[in-house]
2 protein chains.
Amino acid sequence: MTRLILATRNAAKVTELRAILADAGLSHELLGVDAFPELSDVKETGVTFAENALLKAHATARATGLPAVADDSGLCVDVLGGAPGIFSARWAGRHGDDRANLELLLAQLADIDGAHRGAHFACAAALALPDGRERVVEGRLTGVLRFEAAGDGGFGYDPILEPDGVGRTCAELSPPEKNAISHRGKAFRALVPAVRELLA
Amino acid sequence: MTRLILATRNAAKVTELRAILADAGLSHELLGVDAFPELSDVKETGVTFAENALLKAHATARATGLPAVADDSGLCVDVLGGAPGIFSARWAGRHGDDRANLELLLAQLADIDGAHRGAHFACAAALALPDGRERVVEGRLTGVLRFEAAGDGGFGYDPILEPDGVGRTCAELSPPEKNAISHRGKAFRALVPAVRELLA
């Protein structure tokens, strides 16, 4: 059975991609990078989601000798020209402070009315082989930004993005509801044909 | 002599535009809004520099019965898709804290190398007449963002933008040096033909 590694330490992502591969009838064994404790984190020096996903996938494929999948994602606000984008996780200046990032964004957009609060989550998913071959695809979840956070689920900017037609924020959706429409779910599903082709 | 009002409380802007009009051989008398103490500030609800400049020019022309000029400007960072843009003055969440805005931007871009630090100052200058006629033009000053602030002159993001070919930040330029190349100087000069045409 072909083994495939997902360049993440997030167990939920591994579970999600494993289910998507199984749904697609693919029988590859999916590992997380925790299976290779000696791997160091890859510096995300790209300036697009696709570049960062490819950087991580290639680095992981080279280091492990296995085909590797990686993703990079963020929130893109229309009136900000797509920012925070690749800077989503460090928007308030230091990495990973979800609450500070979200509150800064709400403060920046305080004067922007509902007609101009369009935004989308974007996710690039990349597949890289140890021989250098690669594929990268993108998934999106479009919606509007709330004026206040709502909901306890999810992470990141989930409490302020209300997907089009849903009436609740991403943080108010159950995990299955969110996975069904999420940018990452779409990107991972869009990557299935590439997995099928390159790992045939 | 035709009177013209500049929608700003910044005396330096009035002086600069007055000099530009004089250089162009125009003899309009230029007033600042301080000549009309009863005027309230205009809410900048636009989502582009041009929209905000036009909002301010129209509101001032309506309130005073005089032809009015207004400008709106900010810093546009390439890798941020043009942000901070119209949000430049409130980037760190509250209006007008230059140092916090600049430090947040440097922190957000800390991992972005010199090859991807392109940015420009943009200024929209608008002319509106009490009868509703309008013109709007834009000026830019392109350069790269430093990793640290340098210089004590200017304001806003001047200490971190190094204009192309200059070797110093905008905050290290003398006022005449800065005015000669600045986005606002360019926008005001580009507006001269509209002043000549609409106020003939």
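Remember, predicted model here, so these are calculated numbers, not experimental data.

1. Some words on the overall build of chain A
Phase 1 of the analysis: The number of helices and strands found in chain A is 5 helices and 6 strands.
Phase 2 of the analysis: Scanning chain A from its N terminus toward the C terminus, one meets helices and strands in the order β-α-β-α-β-α-β-β-β-α-α.
Phase 3 of the analysis: Since a compact globule built from 200 residues should have a radius of gyration of about 16 Å, the 17 Å found for chain A is in line with a globular shape.
Phase 4 of the analysis: Taking the principal axes of its C-alpha atoms as reference, chain A extends roughly 55 × 30 × 25 Å.
Phase 5 of the analysis: Burial statistics for chain A: of 200 residues in total, 52% are counted as buried.

2. Points about the pairing of strand β1 (residues 3-6) of chain B
Phase 1 of the analysis: Two strands pair when backbone bridges link them, and β1(B) and strand β2 (residues 29-32) of chain B are joined in this way by 4 bridges, in the parallel orientation. Each residue of the ladder has a partner; that of L4(B), found in β2(B), is L30(B).

3. Remarks on the sheet that holds strand β4 (residues 118-128) of chain A
Residues and elements named next belong to chain A.
Phase 1 of the analysis: Here we have 6 strands laid out as an open sheet, ordered β2-β1-β3-β4-β5-β6, and mixed in their pairing. Either end of the sheet is taken by a strand with one partner, and the two such strands are β2 (29-32) and β6 (161-163). Taken over all neighbouring pairs, the strand axes of this sheet differ in orientation by 35° on average, direction set aside.
Phase 2 of the analysis: Bridging between strand β3 (residues 68-77) and β4 involves 10 bridges; their strand directions are antiparallel. Along β4, the bridge assignment pairs V69 with L127.
Phase 3 of the analysis: On top of the sheet, helix α2 (residues 49-64) reaches β1 (3-6), β3, β4 and β5 (134-145); it is set at about 160° to β3, its chief contact.
Phase 4 of the analysis: In the packing of helix α5 (residues 183-198) onto the sheet, the strands contacted are β1, β3, β4 and β5, and the crossing angle to β5 comes to about 165°.

4. Structural notes on the UniProt feature "active site" (unreviewed entry) in chain A
Phase 1 of the analysis: Residues given the UniProt feature "active site" (unreviewed entry) here are D72(A).
Phase 2 of the analysis: Within polar-contact distance, the side chain of D72(A) engages the side chain of N52(A) at 3.3 Å.

5. With respect to unusual backbone geometry
Phase 1 of the analysis: Of the consecutive residues A83(A) and P84(A), the connecting peptide bond is found in the cis state with omega at -5°.
Phase 2 of the analysis: Take P84(A): it is sitting in the loop between β3 and α3 (98-108).

6. Observations regarding the interface of chain A and chain B
Phase 1 of the analysis: Between chain A and chain B, the residue contacts involve 19 residues of the former and 19 residues of the latter.
Phase 2 of the analysis: In total, about 1,800 Å² of surface goes out of reach between chain A and chain B, with carbon and sulfur atoms giving 62% of it.
Phase 3 of the analysis: Sorting the residues of chain A by area buried against chain B places F87(A), Q108(A) and D111(A) first, and these three jointly supply 29% of that buried surface.
Phase 4 of the analysis: On the surface where chain A and chain B come into contact, there are 3 salt bridges.
Phase 5 of the analysis: Here D111(A) makes a salt bridge to K43(B), at a shortest N to O gap of 3.9 Å.
Phase 6 of the analysis: Scanning the region where chain A abuts chain B turns up 4 residue pairs in polar contact (both at pLDDT 80 or more).
Phase 7 of the analysis: In terms of residue class, the side of chain A that touches chain B is made up of 12 nonpolar, 4 polar and 3 charged.

7. Quick notes on the environment of R90(B)
Phase 1 of the analysis: Inspection of the secondary structure assignment puts R90(B) in the loop between β3 (68-77) and α3 (98-108).
Phase 2 of the analysis: Measuring from C-alpha to C-alpha, the distance between R90(B) and N101(B) comes to 7.0 Å, with 11 residues separating the pair along the chain.
Phase 3 of the analysis: Residues contacting R90(B), with those up to four places away along its chain left out, are Q108(A), D111(A), E44(B), H95(B) and N101(B).

8. What about the relation of the copies chain A and chain B?
Phase 1 of the analysis: When chain A is fitted to chain B, the residual RMSD is 0.0 Å, and the transformation amounts to a turn of 180° plus an axial shift of 0.0 Å. The transformation relating the two chain copies, once decomposed into turn and shift, fits a two-fold axis. No C-alpha of chain A lies nearer the rotation axis than that of G81(A), which sits 2.3 Å from it.
Phase 2 of the analysis: When the interface residues of chain A are mapped onto chain B, 100% of them again fall at the interface, so both copies present the same face.

9. Regarding helix α1 (residues 11-23) of chain A
Residue and element names in this part refer to chain A.
Phase 1 of the analysis: Helix length check: α1, at 13 residues, gives a terminal C-alpha distance of 18 Å against a target of 18 Å (1.5 Å per residue), a fit within 8%.
Phase 2 of the analysis: Those residues of α1 not exposed but buried are K13, V14, E16, L17, I20 and L21. Taken end-on, α1 shows its buried residues confined to a sector of 165°, consistent with a single buried face. Among the exposed residues of α1, those oriented more than 90 degrees off its buried face are A11, A22 and D23.
Phase 3 of the analysis: Each element contacted by the buried residues of α1 is listed here: β1, β2, β3, α4 (175-181) and α5.
Phase 4 of the analysis: For α1, the N-terminal cap is N10; the gap from its side-chain oxygen to the backbone nitrogen of A12 is 2.9 Å.
Phase 5 of the analysis: Positive phi shows up at G25, right after α1, with a value of about 80°.

10. Some thoughts on the pattern of salt bridges
Phase 1 of the analysis: For the structure shown, the criterion picks out 31 salt bridges over all chains.
Phase 2 of the analysis: When the shortest N-O distance is used, the salt bridge between K56(A) and D72(A) registers 3.6 Å. In this pair, K56(A) is assigned in helix α2 and D72(A) in strand β3, connecting sequence segments 16 residues apart. Judged on exposure class, the residue K56(A) and its partner D72(A) are both buried.
Phase 3 of the analysis: Between D41(B) and R9(B) there is a salt bridge, with its nearest N and O atoms 3.7 Å apart. Linking D41(B) in the loop between β2 and α2 (49-64) with R9(B) in the loop between β1 and α1 (11-23), this pair joins segments that are 32 residues apart in sequence.
Phase 4 of the analysis: According to the relative accessible area criterion, R9(B) is partly exposed, its value standing at 41%.

11. Looking at α5(A)
All names here are of chain A.
Phase 1 of the analysis: For α5, with 16 residues, the first-to-last C-alpha span of 23 Å sits near the 22 Å given by 1.5 Å per residue.
Phase 2 of the analysis: Along its length, α5 shows its largest kink, about 30°, at V192, and proline P193 lies within four residues downstream of that point.
Phase 3 of the analysis: Where α5 is concerned, the buried positions are H183, R184, G185, A187, F188, L191, V192, A194, V195 and L198.
Phase 4 of the analysis: Residues of α5 that are buried make contact with β1, α1, β3, β4, β5 and α4.

What counts, and at which threshold
Residues numbered from 1 in each chain as written. Chains lettered and ligands numbered in written order. Predicted model: local features only at pLDDT ≥ 70, side-chain atom pairs only at ≥ 80, totals over all residues. Heavy atoms only, no water. Helix = DSSP H or I, 4+ residues; strand = E, 2+ residues; numbered from the N terminus. Rg over C-alpha atoms; globule rule 2.2 N^0.38 Å. Buried < 20%, exposed > 50% of the residue type's maximum accessible area, 1.4 Å probe, protein only. Pairing = 2+ DSSP bridges. Axes fitted to C-alpha atoms, helices over the stretch in contact; angles between N-to-C directions. Contact = heavy atoms within 4.5 Å. UniProt positions renumbered as here; feature names shortened; annotations may be inferred. Polar contact = N/O pair within 3.5 Å; in protein donor to acceptor, adjacent residues only side chain to side chain. Buried area = accessible area lost by both parts, 1.4 Å probe. Salt bridge = Lys/Arg side-chain N within 4 Å of Asp/Glu carboxyl O. Nonpolar A, V, L, I, M, F, W, Y, C, P; charged D, E, K, R; others polar. Least-squares fit on C-alpha atoms with pLDDT ≥ 70 in both. Expected span 1.5 Å × (residues − 1). Arc of directions from axis to C-beta. Bend = angle between axes of the 7 residues up to and from the residue.

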